[in-house]
Amino acid sequence: MSFDSLRAALAHALALPHDESLAIALASAEPTRIGGPSQMPSHRGPAPEEPSPESERLRALVELACDGDADAFGQLYDHYVKGIYRFIYYRVGSQQLAEDLTADTFTRALRSIAKYTWQGKDFGAWLTTIARNLIIDHYKSSRSRLELVTESIPEGPTTAPSTEQDVLATLTNESLMVAVNGLPSEQRDCILMRFIQGLSIAETAAAMSRSEGAIKQLQLRAIRNLAKTMERDV
Amino acid sequence: MSWRTDDARAFDDALRGRVPTDAEIAHLVAQAERVCELAASVSPSPAFMSSLRTALMAEAATILTSRTTPAPPAAGIWARLGAPARRRIAVGVAALVTAFGMVGLTGASASALPGDALYPVKRGVEVAELSLRRGDDSRGAFELERATRRLAEVNGLTRRPATAASLAATTLNDYSAEAGNGSDALVRSFKASHHRGSIVTINRFAGRAHLGLERLDGKLTGAAATQLDAAQQQLADIVALAARLCPDCGGIDADLVKSLIAPAPSAAVPAAPPAPAEPVAALPPVAPAPVAEPKADTPAEKVAAKADNKPVKKKTSAPAVEVQPTIEAPSTEPSTVTPPPIPAPVPPTAAFSCDELGNSGKFNCVDASTGDPTGWAWSFGDASVPDSAQQNPPQFEYPAPGSYTVTLTVTNADGANTATQTITVN
């Protein structure tokens with residue numbers, strides 16, 4: 001009897017409201033995998049997988065915040081705000097709208113932290129899920145998906161590009177945004193979470209309710225497609 | 001082109017630093033890193049980030065600090081479930097574990113602590129083992145083993161940073177229930193068979209439990225500390241009963257135990273019946289809340305409740321508010337203790353805030369009441385928006401512009417309170 005089958009059987013048989021979380025949480029109990037160089041998200045590569053002092057600190061902050069520690073919530077905000085903003089920005093294409101939705105995301109998180117039921121290590125995934133739902137709500141109530149196209153020139157970085165390099169960066173940011181949004185939605189979200197926001201495999205798996213293996217396959221597929229598109233545009 | 005698992009794993013390994021052997025993988029890693037770099041060049045403005053932070057901290061000061069310790073939700077599924085749900089989980093896991101032939105704690109689950117992912121498995125295995133045992137003697141002994149494990153878990157919890165206080169309190173509650181059930185069963189067995197072994201088992205357990213509880217002294221706060229006091233009192237009663245039933249069954253020094261615990265509350269039960277040697281030592285756990293609801297339970301009722309194997313009252317998001325008075329002192333003990341003062345009952349104070357999601361016309365109302373309410377009644381001033389009994393009702397939408405009155409009434413055992421607000425929809 002392998003641990004994998006026990007985990008799957010437990011997830012099905014228990015059939016609790018949070019059985020997905022339980023299944024994912026049990027999956028996380030597997031032996032730690034080989035780790036690579038520890039890197040900050042979105043600097044050179046996606047987030048590290050192995051438990052690090054950073055992830056332990058974040059877990060402790062989540063526990064404190066759930067217990068009512070406002071300062072802990074502030075520190076969690078500091079850690080996650082840029083990633084959430086980037087995730088939203090590359091979906092909606094507008095700096096103003098991204099700011100609004102970022103504010104909504106953290107406000108909603110603060111107000112419902114009393115009901116936080118995910119594992120401490122999945123806080124980033126939880127925030128991302130809130131952001132995704134807000135984006136969906138926004139599109140439902142706003143004009144249409146054409147909004148992305150009509151506002152297709154993203155405002156990009158706040159300072160106007162002053163050098164040729166900056167201009168190039170703006171253009172490639174544009175083409176990245178268009179390319180990412182041209183992917184099927186699951187691949188798009190995987191790219192957004194893994195490489196734009198900087199979530200780990202485990203967090204992405206939690207946010208998308210898939211297994212870690214499925215996320216690894218998804219990210220490979222997505223990067224392959226993305227590479228094809230972006231190279232075509234160059 | 002096939003997307004085999006090997007490719008996916010190789011790609012992910014390469015992302016984490018392992019040098020790729022495949023040229024395509026290397027190329028894709030470069031692509032991925034480029035995406036990361038591009039994304040990193042996009043950032044929210046510092047002005048936006050700091051103003052949002054200020055706004056969040058201001059709101060956090062009202063939302064978060066007003067919550068009282070007894071009801072903190074802990075990260076982790078186990079602690080936030082009520083007792084019936086936890087039993088369901090344990091039974092469900094037990095059924096599977098037995099089916100898969102995994103009876104007996106193995107590996108990671110054996111050392112799991114409350115809040116860990118594998119903790120439900122550990123508890124489920126215990127239920128499975130218990131179901132395999134027949135007879136008061138065997139079951140009683142096993143329940144005491146479980147109780148000992150709970151103490152080890154609480155100890156483990158105290159060594160973790162930032163553990164939610166409620167986890168320790170919950171686990172101590174479980175300890176008391178198991179200690180009570182176990183000693184009840186062994187006492188029954190002894191009375192039926194007069195087999196010394198049953199009482200010896202109780203005494204051996206008491207020795208270990210005494211050490212375990214002692215080790216926790218000073219390490220707990222709030223509800224958990226109150227639960228610890230109750231557990232120590234319970235242990236003293238168990239020891240006293242065991243000594244009475246069988247004076248030479250290896251009992252530990254009952255006076256030693258008593259000397260280490262605080263003066264125990266022994267509020268006299270109204271119409272105290274004469275003290276037969278009923279299993280009175282095995283108390284249901286004493287709830288930590290300050291509100292007292294004196295109940296004239298007779299020992300017969302308590303025994304019946306024990307037989308049902310319902311260790312604790314149903315847990316709600318607020319702590320259990322009943323306090324069972326302790327049993328009349330056995331005749332061998334001088335009664336020199338005074339009952340603790342009972343604090344005045346406190347009805348809740350209603351408060352809430354409602355916010356619109358952007359300009360969508362959709363609203364979220366969030367409870368901010370104080371005073372440990374146990375019931376919420378929301379109404380939103382329009383027939384199309386249904387009333388809600390949840391603490392935080394689901395998002396809703398008004399059908400037309402206008403002014404609407406939102407009302408929240410909160411209740412607990414001591415009273416009720418209402419707050420209202422007007423929402424204007426443009």
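Whatever comes next refers back to the structure up there.
In this text the structure is predicted, and so the values were computed from the model without any measurement.

About the cut-offs
- Residues numbered from 1 in each chain as written.
- Chains lettered and ligands numbered in written order.
- Predicted model: local features only at pLDDT ≥ 70, side-chain atom pairs only at ≥ 80, totals over all residues.
- Heavy atoms only, no water.
- Salt bridge = Lys/Arg side-chain N within 4 Å of Asp/Glu carboxyl O.
- Helix = DSSP H or I, 4+ residues; strand = E, 2+ residues; numbered from the N terminus.
- Pairing = 2+ DSSP bridges.
- Axes fitted to C-alpha atoms, helices over the stretch in contact; angles between N-to-C directions.
- Core = buried A, V, L, I, M, F, W, Y, C linked by side-chain atoms within 4.5 Å.
- Buried < 20%, exposed > 50% of the residue type's maximum accessible area, 1.4 Å probe, protein only.
- Contact = heavy atoms within 4.5 Å.
- Parallel < 35°, antiparallel > 145°, perpendicular 65-115°, else oblique.
- Disulfide = S-S within 2.5 Å.
- Phe/Tyr/Trp six-rings, centres within 6.5 Å; stacked < 30°, edge-to-face > 60°.
- Lys NZ or Arg CZ within 6 Å of the ring centre and 35° of its normal.

A. Focus on the pattern of salt bridges. Tallying each qualifying case throughout the model produces 27 salt bridges over all chains. Between A:Arg57 and A:Glu54 there is a salt bridge whose closest N-O contact spans 3.4 Å. Remark: A:Glu54 and A:Arg57 occur in helix α3 (residues 53-66); sequence separation between them is three residues, near one turn of the helix. A salt bridge links B:Glu153 to B:Lys122; the shortest N-O distance between them is 2.7 Å.

B. Layout of the sheet that holds strand β5 (residues 402-412) of chain B. Residue and element names in this part refer to chain B. The three strands are arranged β3-β5-β6 in an open sheet whose pairing can be described as antiparallel. Each edge of the sheet is formed by a strand with only one pairing partner; in this case those strands are β3 (375-379) and β6 (415-425). Averaged over all pairs of adjacent strands, the angle between strand axes in this sheet comes to 15 degrees, irrespective of strand direction. Here β3 runs beside β5; their pairing, made up of five bridges, is antiparallel. Opposite Trp378, over in β5, you have Leu408 as the bridge partner.

C. View of the pairing of strand β1 (residues 352-356) of chain B. All names here are of chain B. Judged from the five bridges that link them, β1 and strand β2 (residues 362-367) form a sheet pairing that is antiparallel. Within the sheet, the bridge partner assigned to Phe352 lies in β2 and is Asp367. Turn length for the β1-β2 hairpin, with the two strands adjacent in sequence and antiparallel, is five residues, and the turn residue Gly358 shows positive phi of about 60 degrees.

D. Up close: unusual backbone geometry. Look at A:Ser209: it is not a glycine, yet its phi comes out positive at around 55 degrees. Mapped onto the elements of the fold, A:Ser209 is located in the loop between α10 (201-208) and α11 (212-233). In this structure, B:Asp372 is a non-glycine residue whose phi angle is positive, near 55 degrees. Secondary-structure assignment places B:Asp372 in the loop between β2 and β3.

E. Structural view of the sheet that holds β1(B). Read from one edge to the other, the open sheet built from three strands follows the order β1-β2-β4 (chain B), with strand pairing classed as antiparallel. Looking at which strands have only one partner, the edges of the open sheet turn out to be β1 and β4 (396-397) of chain B.

F. A look at the nonpolar core. A:Ile88, A:Tyr90, A:Phe123, A:Ile191, A:Phe195, A:Leu226 and B:Phe11 are the most contacted members of the largest nonpolar core, which totals 84 residues. Broken down by element, this core gets its largest block of residues, 14 residues, from helix α4 (residues 70-92) of chain A. The residues contacting A:Ile88, other than those within four sequence positions of it, are A:Gly93, A:Ala98, A:Leu101, A:Thr102, A:Thr105, A:Ala131 and A:Ile135. Core analysis: the next-biggest nonpolar cluster, separate from the first, contains 31 residues, B:Ala209, B:Leu220, B:Ala231 and B:Cys246 among them.

G. Focus on the packing of helix α9 (residues 185-197) of chain A against helix α2 (residues 23-40) of chain B. Remark: α9(A) packs on α2(B), axes separated minimally by 8 Å, with the N-to-C direction vectors making an angle of 70 degrees. With respect to α2(B), the element α9(A) is oriented roughly perpendicular. Along its contact with α9(A), which presents A:Ile191, A:Phe195 and A:Ile196, the element α2(B) presents B:Ala32, B:Val35, B:Cys36 and B:Ala39.

H. View of the state of the cysteines. Residues and elements named next belong to chain B. Applying the stated criterion across every chain yields a total of two disulfides over all chains. Here Cys246 engages in a disulfide with Cys249; their sulfurs sit 1.7 Å apart. Measuring handedness by torsion sign, the sulfur bridge of Cys246 and Cys249 sits at about 70 degrees and is right-handed. For Cys249, a relative accessible area of 0% corresponds to the buried category. The disulfide partner of Cys354 is Cys365, and the gap between their sulfur atoms is 2.1 Å. Judged by the sign of its S-S torsion, about 105 degrees, the bond between Cys354 and Cys365 is right-handed.

I. Molecular detail of the packing of aromatic side chains. Across all of its chains, the model carries 15 aromatic pairs over all chains by this definition. Taking the centre distance of 4.9 Å and the plane angle of 75 degrees together, the rings of A:Tyr77 and A:Phe106 count as edge-to-face. One end of the pair, A:Tyr77, is in helix α4; the other, A:Phe106, is in helix α5 (residues 95-111), and 29 residues separate them in sequence. For the pair formed by A:Tyr77 and A:Phe106, the shared burial category is buried. Measuring from ring centre to ring centre gives 5.5 Å for A:Tyr89 and A:Tyr90, while their planes differ by 90 degrees; the resulting arrangement is edge-to-face. An aromatic cluster of at least three residues, connected via ring pairs, comprises B:Phe352, B:Phe363, B:Trp378, B:Phe380, B:Phe396, B:Tyr398 and B:Tyr404. One residue, A:Arg194, lies across the ring of A:Phe195, its end atom 5.7 Å from the ring centre.

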